[in-house]
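# Commentary on secondary and tertiary structure
Each chain, letter by letter, is given below.
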Amino acid sequence: MYSPRTQGLRDQVHEVVRFISSRTRESDSFLALPCFSFFNYACQRSNPSYYLWITPEVVRAGVEDRVITELESKKPPYIIAMDLQIDGMESRRFSNYAPQLNQYLSNQYVPVR
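All of the points below concern the structure found in this document.

Looking now at the environment of P99. The residue P99 is located in helix α5 (residues 99–108) in this model. Its relative accessible area of 44% is what places P99 among the partly exposed residues. Separated by 71 residues in sequence, P99 and D28 have C-alpha atoms that sit 26 Å apart.

Put into structure tokens, the structure is as follows:
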């Protein structure tokens, strides 16, 4: 059973899964940031990165460079990204704790929706 609030979330998740599944092949990969790796499972597509989540706890020296190198190598057609504040804290906003990766995504990918 779904309440009206979760109904909207459920519909959004289904929309993303339909979008990715219809526009990629099973052999394609995509990255879901910062912590949406469940979309890879739902779409049956691999993650192009060693990292399942790119959260403040994960981002240490060299991590952003490694993820960018993986993206350059595997060239996923789509990235699911949300510049959300984890725990509602501005310091835990993706663009603040992973600025190099955020800039790379802004330069290499265009928003679809």
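Going through the model one piece at a time under the given rule, you end up with eight salt bridges. Notably, a salt bridge pairs D11 with R10, separated by 3.5 Å at the nearest N-O pair. What makes R10 partly exposed here is its relative accessible area of 26%. Note that R92 and D87 form a salt bridge whose closest N and O atoms lie 3.0 Å from each other.

As a volume, the largest pocket reaches approximately 1100 Å³. Around the largest pocket, the lining comprises 26 residues; the ones closest to its centre are I79, I80, A81, M82 and R113. Mapped onto the lining of the largest pocket, the elements with two or more residues apiece are α1 (4–23), α2 (38–43), β2 (78–80) and α5. Looking at which element gives the most residues to the lining of the largest pocket, the answer is α1, with seven residues. For the lining of the largest pocket, the residue count by class is 20 nonpolar, three polar and three charged.

Within this structure, the stated rule accounts for six aromatic pairs. Of the aromatic side chains, those joined through ring pairs into one cluster are F36, F38 and F39. Across from the ring centre of Y50, 4.3 Å away, lies the NZ or CZ of R66, which sits over that ring.

What counts, and at which threshold
- Position numbers for residues start from 1 in each chain and track the written sequence from start to end.
- Two thresholds apply to this predicted model, a pLDDT of at least 70 for residue-level local features and 80 or more for giving and counting side-chain atom pairs, whereas whole-chain, interface and lining totals are computed over all residues.
- Excluded from the side-chain calculation are hydrogens and water; included are all heavy atoms of the structure.
- In this text, helices come from DSSP runs of H or I with a minimum length of four residues, and strands from runs of E with a minimum of two, each type numbered from the N-terminal end.
- Accessible area is worked out with a 1.4 Å probe on protein chains only. A residue is then buried under 20% of its type maximum, exposed over 50%, and partly exposed in between.
- Definition used for salt bridges: Asp or Glu carboxyl oxygen within 4 Å of a side-chain nitrogen of Lys or Arg.
- Two kinds of site are reported from a 1 Å grid over the protein atoms alone, namely cavities, where a 1.4 Å probe fits but cannot get out, and pockets, open sets with protein on both sides within 12 Å along at least five of seven lines, and residues are called lining when an atom falls within 4 Å of a point.
- Grid points are joined across faces, edges and corners, and a volume is the space filled by probe spheres set on the points.
- Residues were grouped as follows: Ala, Val, Leu, Ile, Met, Phe, Trp, Tyr, Cys and Pro as nonpolar; Asp, Glu, Lys and Arg as charged; and all remaining residues, including Gly, as polar.
- Stacked, tilted and edge-to-face are the three classes applied to pairs of Phe, Tyr and Trp rings, where Trp contributes its six-membered ring and a pair requires centres within 6.5 Å; stacked means planes under 30 degrees apart, edge-to-face means over 60, and tilted covers the rest.
- A ring is scored as having a charge over it whenever the NZ atom of a lysine or the CZ atom of an arginine sits within 6 Å of its centre and within 35 degrees of its normal.

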